[in-house]
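What the coordinates show
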Amino acid sequence: MYKTAFKLLNLLLGSIRDLAPIILVVLFFQLVVLQQPLPNVSQLVLGVVFVLLGLTFFIHGLEQGLFPIGESMAHAFARKGNAYWLLTFAFALGFGTTVAEPALIAVAAEAAKVAATGGMIGSSTADMSEYANGLRYSVALSVGLAILLGVLRIIKGWSVQWFIIGGYLMVVIMTAFAPAEIIGIAYDSGGVTTSTITVPLVTALGVGLASSIKGRNPMTDGFGLIALASLTPMIFVMGYGMIIL
């Protein structure tokens, strides 16, 4: 009990340290540059407190739950020695965590509103929902395939740089042919996939798998899944845009 409380206190102090530069920047520009008082001070203070508590409990939850379960499942699949189920799990993990990603849901919904306003799609709720869901599932499918490919890379011992170089060459080529309206969304989609839900589980899976396979180094082989998960959505969303726009 005391050990947990002490650990939470240390995490809270770490969250305060991490947020302090952001708070100082906001205060400096608001009070010194703009020379205006802070609006709704009590509400801002309460919001900062909630952010601090949220970060603290989120990090604690990662350490206690998501990282251990990801690594334990990777070890279990490696011991089982069945590549089919491991690759199936990798795809399902990438797809499932991405389709539930709050940042992706928000970006897809906003993109649908802008597309409807610009006349690229219908302005009805059904049209916007179909467009947003198409974006979400395109990105989720791409991340699922990226994690599957990344796990296969760890099993085979392939170098990650060739995947990254080849992938970004494809992104550059597709950018020249994709509709201008979809390019920015495609690039942003690569960022929103690597957020609060996807990163912890995928990282734990990669590190745990590389630790379980003989001849693999967790430092050189275990990382790189997140890079693939950021890359493939750009390709798939631009492809999605070429089809529907």
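Below or above, wherever it landed, is the structure these notes cover. Since the model is a prediction, treat every value here as computed from it, not as a measurement.

**With respect to the packing of aromatic side chains**
Geometrically, a pair of aromatic rings is defined through the distance of the ring centres and the angle of the planes. Enumeration according to the criterion identifies six aromatic pairs in this entry. Ring plane angle 20° and centroid distance 6.1 Å describe the contact between Phe91 and Phe95, whose orientation is recorded as stacked. Of the two residues, Phe91 and Phe95 both sit in helix H3 (residues 83-99), four residues apart, roughly one turn of that helix. According to the relative accessible area criterion, Phe95 is partly exposed, its value standing at 25%.

**Remarks on unusual backbone geometry**
At Gln35, a residue that is not glycine, the phi angle is positive and equals roughly 55°. Phi at Asn40 is positive, roughly 50°, even though this residue is not glycine. With respect to the helices and strands, the residue Asn40 is situated in the loop between helix H1 (2-33) and helix H2 (41-80).

**Some thoughts on a nonpolar patch on the surface**
A cluster of nonpolar side chains, contributed by Val25, Phe28, Phe29, Leu31, Val32, Val33 and Leu34, occupies part of the molecular surface with about 640 Å² of accessible area. You can see Val25 is positioned in helix H1.

What counts and how
- Residues numbered from 1 in each chain as written.
- Predicted model: local features only at pLDDT ≥ 70, side-chain atom pairs only at ≥ 80, totals over all residues.
- Heavy atoms only, no water.
- Phe/Tyr/Trp six-rings, centres within 6.5 Å; stacked < 30°, edge-to-face > 60°.
- Helix = DSSP H or I, 4+ residues; strand = E, 2+ residues; numbered from the N terminus.
- Buried < 20%, exposed > 50% of the residue type's maximum accessible area, 1.4 Å probe, protein only.
- Patch = residues over 30% accessible without salt bridge, like charges linked within 9 Å, V, L, I, M, F, W, Y side chains within 5 Å.
- Areas by Shrake-Rupley, 256 points an atom, 1.4 Å probe, with all protein chains shown as cover.
- Salt bridge = Lys/Arg side-chain N within 4 Å of Asp/Glu carboxyl O.

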